[in-house]
Structure formats: structure tokens, C-alpha cells
Amino acid sequence: MSQQTSEENKKLSDYITNIVGINKMIDRHYDKEKKQIIDIFTCDDPLYPKIKICGTIGVSDYPNKIEMNDNSFKDIPIELLIGGYTEFNMLANILSTSGFYIINKGWECQPGSVFMRIVEMYCETSEMKHIMFVSPFLWEDKLEPLQLEKKTVHWLLCIPISDKELEYKMENGASALEDMFQEKDIDIFDINRKSAI
């Protein structure tokens, strides 16, 4: 893979960072074999200085094959976002690991998908263990799919969840878990939050 950021991904980076934050910084992350790269941006939230937003740049260059209702598969290019308090320095690593599972292992990623044990890799003491992907509701009035020449990019927001929350999702569905999160007003920016169940 080229080490240069493509013109499309530069446009993607400008588009998303202008919506979600200020003071953009970009770091390059490599997989274990040093074969694949993902760029991760970090921005400050413009309204809440204790919150930072991170996102991937480049995951959308790789297939994300989603099974449709008619059993066919559709490739839906995605990038990932996560928000958290500034003291959590593992957010970019959680994102890059998630991204490499999509790039290297072909893991399907859509609203309601869960990547297990990713938070636990970087934050062993937290009750939060996994990542669930949801629509990026924090920016629902501003963030549209981005049409570029070679791809149309969609975004997913990563929400850390606990073992018990995962069990609840498996039994009741992702939307029921999201409804409960809304009802209990969980703090999605706190990786050390207590499980809602």
C-alpha cells in the first residue's frame, strides 16, 4: 500500500474534521506486520474542551461487505469515529485495531456490529470490554455520507460496552440496548463508566 495519503482521503479528512472538531492532528498507525497503515485524526471538541474525537482515515479504501436482506452482499465503505475524555490516550489504538480487523480480516462492520475484547486490550481494569458500532448520532444534523470519485463514505461511531450490555444486546437487539443507553443517559465519553446493567 502506498504510504502517501490519497487526494480522496485528504478531502475525506478535511470534511470530517471540519464537522467534528478543531485543532486536528493526524498520526499514522501500522498493523503488527507493518504492512498496512491507518491514519487516525484527533480533534478537540469545539464546545467541551475535556472531550476529544478520533477517527480513521483510509479504512474506506477496503471492502466492507454487508449482507443484505436478499442474501446478496453490498460493499459499504466506512470510517470509524470515537469520542472520549482527553485523559484516555488509548482511543486511537482502539480505533486502529478495529480498522485493521476490517482491513486484514474482513470483519463486517455496520450499525449494531460488535468487535469483542478490543477495549479490554488497552484498558484491562475497565468494565467496558467491547466496541459496538452505531450511527454517528452526535453529528446527525451535519454528517452526511461523503460522495467522492471512487467511493461514498459512511461513518460509524464506536461505543464501548460491557459484558452484560453485550449479553443484553444479543438477547434484545442493538436498538433495545441503544434505547436503554438513552434512557439511562450513559456517558459514552467515559471508558471507565459503570455498566448500565
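So, how was this worked out
Residues numbered from 1 in each chain as written. Predicted model: local features only at pLDDT ≥ 70, side-chain atom pairs only at ≥ 80, totals over all residues. Heavy atoms only, no water. 1 Å grid on protein atoms, 1.4 Å probe; cavity = no way out; pocket = protein on both sides within 12 Å on 5 of 7 lines; lining within 4 Å. Points joined across faces, edges and corners; volume = space filled by probe spheres on them. Helix = DSSP H or I, 4+ residues; strand = E, 2+ residues; numbered from the N terminus. Nonpolar A, V, L, I, M, F, W, Y, C, P; charged D, E, K, R; others polar. Buried < 20%, exposed > 50% of the residue type's maximum accessible area, 1.4 Å probe, protein only. Phe/Tyr/Trp six-rings, centres within 6.5 Å; stacked < 30°, edge-to-face > 60°. Lys NZ or Arg CZ within 6 Å of the ring centre and 35° of its normal. Expected span 1.5 Å × (residues − 1). Arc of directions from axis to C-beta. Salt bridge = Lys/Arg side-chain N within 4 Å of Asp/Glu carboxyl O.

Looking now at the layout of surface pockets. Space inside the largest pocket adds up to approximately 360 Å³. Asp31, Lys32, Thr97, Phe100 and Tyr101 are, among the 14 residues lining the largest pocket, the residues nearest its centre. Secondary-structure elements contributing two or more residues to the lining of the largest pocket are strand E1 (22-30), helix H2 (91-105) and helix H3 (118-122). With 7 residues, H2 is the single largest residue contributor to the lining of the largest pocket. Residue composition of the lining of the largest pocket, grouped by class: 5 nonpolar, 5 polar and 4 charged. Considered as a void within the structure, the second largest pocket measures approximately 300 Å³ in volume. Broken down by element, the residue count for the lining of the second largest pocket peaks at 3 residues, all from helix H5 (residues 174-184). When the residues that make up the lining of the second largest pocket are grouped by side-chain class, the tally is 8 nonpolar, 1 polar and 3 charged.

Moving on: unusual backbone geometry. At asparagine 23, a residue that is not glycine, the phi angle is positive and equals roughly 60°. As for its placement among the helices and strands, asparagine 23 is situated in strand E1. Residue asparagine 23 is classed as exposed on the basis of its relative accessible area, which comes to 53%. Non-glycine residue arginine 117 carries a positive phi angle of around 65°.

Let's shift gears to the packing of aromatic side chains. Taken as a whole and judged by the stated rule, the model has 7 aromatic pairs. When the centroid spacing of 6.3 Å and the interplanar angle of 90° are considered together, the rings of tyrosine 101 and phenylalanine 115 count as edge-to-face. Of this pair, tyrosine 101 sits in helix H2 while phenylalanine 115 sits in strand E7 (residues 114-115), placing them 14 residues apart in sequence. Exposure class is identical for tyrosine 101 and phenylalanine 115. Each is buried. An aromatic cluster of three or more residues is present, and its members are Tyr101, Trp107, Phe115 and Phe133. Geometry around phenylalanine 181 places arginine 193 over its ring, the cationic atom sitting 5.2 Å from the centre.

Here H2 is 15 residues long and its end C-alpha atoms lie 21 Å apart, about the 21 Å a rise of 1.5 Å per residue gives. Burial analysis of H2 places 12 of its 15 residues in the buried class, the great majority of the element. Three or more residues of H2 are buried, namely Leu91, Ala92, Ile94, Leu95, Ser96, Thr97, Ser98, Gly99, Phe100, Tyr101, Ile102 and Ile103. Among the residues trailing H2, glycine 106 stands out with phi positive, at a value near 70°.

Once that is clear, we can look at helix H4 (residues 163-172). All of the buried residues along H4 are Glu165, Leu166 and Lys169. End-on view of H4: buried residues confined to an arc of 100°, all on one side of the axis. Opposite the buried face of H4, at more than 90 degrees from it, the exposed residues are Met170 and Glu171. Just downstream of H4 lies glycine 173, where phi reads positive at about 100°.

Turning next to the pattern of salt bridges. Applying the stated criterion across every chain yields a total of 9 salt bridges. Close ionic contact of lysine 24 with aspartate 14 constitutes a salt bridge, the shortest N to O distance being 3.1 Å. Of this pair, lysine 24 sits in strand E1 while aspartate 14 sits in helix H1 (residues 7-20); the two residues are 10 residues apart in sequence, bridging distant segments of the chain. Residue lysine 24 is classed as partly exposed on the basis of its relative accessible area, which comes to 35%. According to the relative accessible area criterion, aspartate 14 is partly exposed, its value standing at 39%. Residue glutamate 120 is joined to lysine 129 by a salt bridge in which the shortest nitrogen-to-oxygen separation is 3.8 Å. A network of salt bridges, in which partner residues are shared, links Arg117, Glu120, Lys129 and Asp163.

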